[in-house]
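The residues making up each chain are set out below.
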Amino acid sequence: MTWDAMRGRAIRVLIVDDEAPICRAVSLALQQSAYDVATVRSGEAAYALLKVEHFDILIIDLRIPDDRGDVIFEFAAGVQPHLRYASIFLTGDISDQAAKLMAACKIPVLMKPFELDDLLNAVASLAPRAQDAAG
């Protein structure tokens, strides 16, 4: 399930979240499910990594102190177009503005706090789409 058979490697996931405990928990859960995981805690770091490394799935917090998750998402989809169909927003923001941003991007959203099983199921559901879009 977590193997990219077309490329002969584990599915790569980038987590962008400024909260260290969330990065650690999500990263550990995904690694235990055999995903290849990278984490960054700022928009600046996400931009730099997305320019030079391939990722199959993007998990991104909607609110990051140095940027907005939807802006990082659009950048990611610009440099790695398959991420437009293989991303998940994480957020604790329930404002009308956040709801409009998430609806405009049309990607799955997990509200914080979330269950790790829900996240793992969401990632697993995106894995085939990521492979199809990239292949």
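### A closer look at the sheet that holds strand E9 (residues 109-111)
Across a sheet, strands are paired by hydrogen bonds formed along the backbone, either parallel or antiparallel in direction.
Consideration 1: Pairing is parallel in the open sheet, where five strands are placed in the order E4-E3-E5-E8-E9. The outermost strands of the open sheet, each flanked by one partner alone, are strand E4 (36-40) and E9. Direction aside, the axes of adjacent strands within the sheet are offset by 15° on average.
Consideration 2: Strand direction decides the pairing type here: strand E3 (residues 12-16) and strand E5 (residues 57-61), joined by four bridges, are parallel. Each residue of the ladder has a partner; that of Leu-14, found in E5, is Leu-58.
Consideration 3: Along the sheet face, helix H1 (residues 20-32) touches E3, E4, E5 and strand E8 (87-91) and points at about 170° away from the line of E4.
Consideration 4: The sheet strands contacting helix H3 (residues 69-79) are E3, E5 and E8, and the helix crosses E5 at an angle near 160°.

### Some remarks on the side chain of Lys-112
Consideration 1: On the secondary structure map, Lys-112 appears in the loop between E9 and helix H5 (116-134).
Consideration 2: Note on Lys-112: relative accessible area 17%, which makes it buried.
Consideration 3: Side-chain polar atoms of Lys-112 contact the side chain of Glu-19, separated by 2.8 Å.
Consideration 4: Side chain to side chain, Lys-112 and Asp-61 meet in a polar contact 3.1 Å long.

### What to know about H3
Consideration 1: For H3, every residue scored as buried is listed here: Gly-69, Asp-70, Ile-72, Phe-73, Ala-76 and Ala-77. Considered in projection along H3, the buried side chains sweep an arc of 155° and stay on one side of the axis.

### Topic: helix H2 (residues 43-52)
Consideration 1: When H2 is considered as a whole, its buried residues turn out to be Gly-43, Ala-46, Tyr-47, Leu-49 and Leu-50.
Consideration 2: In this structure, the buried residues of H2 make contact with E3, E4, strand E6 (63-64), strand E7 (67-68) and H3.

### Some remarks on the nonpolar core
Consideration 1: In this structure, Leu-30, Ile-57 and Ile-59 are the most contacted members of the largest nonpolar core, which totals 22 residues.
Consideration 2: Among the secondary structure elements, those contributing two or more residues to this core are E3, H1, E5, E8 and H5.
Consideration 3: With six residues, the top contributor of residues to this core is H5.
Consideration 4: Residues within four places of Ile-59 in sequence aside, it is in contact with Val-13, Leu-14, Ile-15, Val-16, Val-26, Leu-30, Ile-88, Leu-90, Leu-119 and Val-123.
Consideration 5: Counting residues in hydrophobic clusters, the runner-up holds 19 residues, among them Leu-14, Ala-46, Leu-50 and Ile-60.

### Quick look at the packing of aromatic side chains
Consideration 1: Applying the stated criterion across every chain, the model contains two aromatic pairs.
Consideration 2: Ring centres 4.8 Å apart and planes at 80° place the aromatic pair Tyr-47 and Phe-75 in the edge-to-face group. On the criterion of sequence distance, the pair formed by Tyr-47 in helix H2 and Phe-75 in helix H3 is long-range, its members being 28 residues apart.
Consideration 3: Since its relative accessible area comes to 25%, Phe-75 is described here as partly exposed.

### Remarks on the pairing of E5
Consecutive side chains along a regular strand alternate between the two faces of the sheet.
Consideration 1: With respect to burial, E5 is a largely interior element, five of its five residues being buried.
Consideration 2: Alternating residues of E5 divide into Ile-57, Ile-59 and Asp-61 and Leu-58 and Ile-60, and every residue in both groups is buried.
Consideration 3: Summarising the sheet, E5 and E8 pair through four bridges and their orientation is parallel. Note on E8: the bridge partner recorded for Asp-61 is Leu-90.

Conventions used here
Residues numbered from 1 in each chain as written. Predicted model: local features only at pLDDT ≥ 70, side-chain atom pairs only at ≥ 80, totals over all residues. Heavy atoms only, no water. Pairing = 2+ DSSP bridges. Helix = DSSP H or I, 4+ residues; strand = E, 2+ residues; numbered from the N terminus. Axes fitted to C-alpha atoms, helices over the stretch in contact; angles between N-to-C directions. Contact = heavy atoms within 4.5 Å. Buried < 20%, exposed > 50% of the residue type's maximum accessible area, 1.4 Å probe, protein only. Polar contact = N/O pair within 3.5 Å; in protein donor to acceptor, adjacent residues only side chain to side chain. Arc of directions from axis to C-beta. Core = buried A, V, L, I, M, F, W, Y, C linked by side-chain atoms within 4.5 Å. Phe/Tyr/Trp six-rings, centres within 6.5 Å; stacked < 30°, edge-to-face > 60°.

Shape descriptors only; they carry no functional weight alone.
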